[in-house]
Amino acid sequence: MLFLIKIGEISLKGGNRGYFEKKLVQNIKRRLKPWNPKMTVRRNRVYLDIDETHRSIAESVLSTTFGIVGFSPTDTREKTYEDIRHAALEQTAAFTKHNDAGTFKIEARRSDKSFHMDSYGIATRLGDDIRASHPELSVDVRNPDLKIRVEVREKAYIYSDNISGPGGLPVGVAGKGILLLSGGIDSPVAAYLMAKRGLTQDAAYFHTYPYTSDEALEKVKELSRILSYRCGGINLFTIPFTDAALRIRQRAPLEETTLLMRACMMKTASDLAGRGKALCLITGEALSQVASQTAQSMRFTESTSDLPTFRPLIGMDKEEIIKIAKKIGTYDTSV
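Residues numbered from 1 in each chain as written. Predicted model: local features only at pLDDT ≥ 70, side-chain atom pairs only at ≥ 80, totals over all residues. Heavy atoms only, no water.

### A short note on the overall build of the protein chain
Then, number 1: Secondary structure summary: the protein chain contains eleven helices and 14 strands in total.
Then, number 2: Overall, the C-alpha framework of the protein chain stretches about 85 × 40 × 35 Å when taken along its three principal axes.
Then, number 3: Here the protein chain, with 335 residues, has 48% of them falling under the buried criterion.
Then, number 4: Restricting to contacts in the protein chain with at least 6 residues of sequence separation, those with at least 24 account for 76%.
Then, number 5: Only carbon and sulfur atoms are counted for the fraction: they give 50% of the accessible area of the protein chain, which is about 16800 Å². (Helix = DSSP H or I, 4+ residues; strand = E, 2+ residues; numbered from the N terminus. Buried < 20%, exposed > 50% of the residue type's maximum accessible area, 1.4 Å probe, protein only. Contact = heavy atoms within 4.5 Å. Areas by Shrake-Rupley, 256 points an atom, 1.4 Å probe, with all protein chains shown as cover.)

Right, dumping it as structure tokens:
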């Protein structure tokens, strides 16, 4: 089973492109290691070859691996028009099996200039052959029901299904950060969005037992497991915070305790980052969502750290955040 993988933003990386492609291949191989994947990067394309029996597993991995904008199960043929025509008609027949009528379009790309037909010639001749074999189909070049793509490279690749990936950049190309992970809705979404920009993350959870229960800790562990699947693996550090919280409550005015605790957490996370060679902190703060997330409050709480603090949710409202949480599977655990 061959998948053609489309890489989107990676293709714009110029001289660093090879590094990004290598990291993407490593990430896919690691996630599919038990199923013996074979990966190839060739002429601006990434290919995954895996046993047909593992197709659903491969599709699950590719649809959740950052750096992939889309992928297609692909028919590989010899570079003859008859082979290309045969594959295209097979894919058309599969479509008409479930559709009495519809529209189609052929997109052809001839990267191998030694092939005797140019891109336009391939597309028009295939279109004529498909219309002759399937008169119930008509051509629509703008919004077709079926789009068959042909790429003539070292071999001929023919594909029609295009499955979306999450986009972004491969995890690991942007260094490492420390995520301040709570059991709420916001911080897991922040982790997901930073992983989408290529950041590897470790998570810090501040546990104030017995004021927060062991069930709360188990919830954070479960959130870490869910995030780990998409974010390239996460180390969770559970930090006992009860003594620090009690000391702040004993000595500080009541109205200042929340900000002081937050500042203490930022300082501790910064110290943890120094031990793990992390470059930044990540929080799930959204501007003005609660009183401790005003511009003034955030300026104070981050003053205890020399590291940059990334807040990917800063301009989002709660409904936007909840929508992403449901999409990535953390919402039910968080609530």
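### Observations concerning the sheet that holds strand β14 (residues 309-310)
Then, number 1: One open sheet accounts for five strands, arranged β12-β11-β10-β13-β14; its pairing is parallel. The two strands at the open ends of the sheet, each matched to only one other strand, are β12 (236-240) and β14.
Then, number 2: Relative to β14, strand β13 (residues 280-282) runs parallel, the two being bridged by two bridges. Bridging from a neighbouring strand, L281 pairs with T309 of β14.
Then, number 3: This element, helix α6 (residues 214-231), spans β11 (200-207) and β12 of the sheet and lies at about 175° to β11.
Then, number 4: Its contacts with the sheet place helix α8 (residues 257-276) against β10 (176-180), β11, β12, β13 and β14, and it is angled at close to 150° to β10. (Pairing = 2+ DSSP bridges. Axes fitted to C-alpha atoms, helices over the stretch in contact; angles between N-to-C directions.)

### Some words on unusual backbone geometry
Then, number 1: Geometrically, the link from Y209 to P210 is a cis peptide bond, its omega value of 5° lying close to zero.
Then, number 2: Within the secondary structure, P210 sits in the loop between β11 and α6.
Then, number 3: The phi torsion at N36 lies on the positive side, around 50°, for a residue other than glycine.
Then, number 4: The exposure class assigned to N36 is exposed, which follows from its relative accessible area of 61%.
Then, number 5: A positive phi angle, near 70°, is found at S288, a position not held by glycine.
Then, number 6: Tracing the backbone through its elements, the reader meets S288 in the loop between β13 and α9 (295-301).
Then, number 7: Take S288: its relative accessible area is 54%, and that puts it in the exposed class.

### Description of the environment of E255
Then, number 1: As for its placement among the helices and strands, E255 is situated in the loop between α7 (242-251) and α8.
Then, number 2: Judged by its relative accessible area of 65%, E255 is exposed.
Then, number 3: Put simply, E255 and H207 are 48 residues apart on the chain and 21 Å apart in space, counted from C-alpha to C-alpha.

### Let's talk about the layout of surface pockets
Then, number 1: Of the volumes computed, that of the largest pocket is approximately 720 Å³.
Then, number 2: Residue assignment for the lining of the largest pocket shows that the elements contributing at least two residues are α5 (186-196), β11, α6, α7 and α8.
Then, number 3: When grouped by side-chain class, the residues that make up the lining of the largest pocket number 13 nonpolar, ten polar and five charged.
Then, number 4: When its volume is computed, the second largest pocket comes out at roughly 310 Å³. (1 Å grid on protein atoms, 1.4 Å probe; cavity = no way out; pocket = protein on both sides within 12 Å on 5 of 7 lines; lining within 4 Å. Points joined across faces, edges and corners; volume = space filled by probe spheres on them. Nonpolar A, V, L, I, M, F, W, Y, C, P; charged D, E, K, R; others polar.)

### Quick word on the packing of aromatic side chains
Then, number 1: Applying the stated criterion across every chain, the model contains five aromatic pairs.
Then, number 2: Consider the rings of F206 and F241, whose centres lie 5.3 Å apart with planes at 75°: the pair is edge-to-face. Of the two residues, F206 is situated in strand β11 and F241 in the loop between β12 and α7; the sequence distance between them amounts to 35 residues. Both residues of the pair, F206 and F241, belong to the buried class.
Then, number 3: When the ring centre of Y229 is taken as reference, the NZ or CZ atom of R31 above it lies at 4.3 Å.
Then, number 4: It is R125 that lies over the ring of Y81; its NZ or CZ is 4.0 Å from the centre. (Phe/Tyr/Trp six-rings, centres within 6.5 Å; stacked < 30°, edge-to-face > 60°. Lys NZ or Arg CZ within 6 Å of the ring centre and 35° of its normal.)

### Concerning the side chain of S305
Then, number 1: Here S305 shows up in the loop between α9 and β14.
Then, number 2: We classify S305 as buried; its relative accessible area is 8%.
Then, number 3: Those residues in contact with S305 that sit more than four places away from it in its chain are M266, S270 and L281.

### Observations regarding the pairing of β10
Then, number 1: Taking burial as the measure, the five residues of β10 include four buried ones, the bulk of the element.
Then, number 2: Strand direction decides the pairing type here: β10 and β11, joined by five bridges, are parallel. In the sheet register, G177 faces β11, and the bridge partner there is Q201.
Then, number 3: In terms of handedness, the path from β10 via α5 over to β11 forms a crossover that is right-handed.
Then, number 4: Both β10 and β13 contribute to a ladder of three bridges, which runs parallel. Bridging from a neighbouring strand, G177 pairs with C280 of β13. (Right-handed = clockwise from strand over helix to strand, strands pointing away.)

### Some thoughts on the pattern of salt bridges
Then, number 1: The full count for this structure, using the stated rule, is 23 salt bridges.
Then, number 2: When salt bridges that share partners are traced, they join K105, E107, K147 and R149 into one network. (Salt bridge = Lys/Arg side-chain N within 4 Å of Asp/Glu carboxyl O.)

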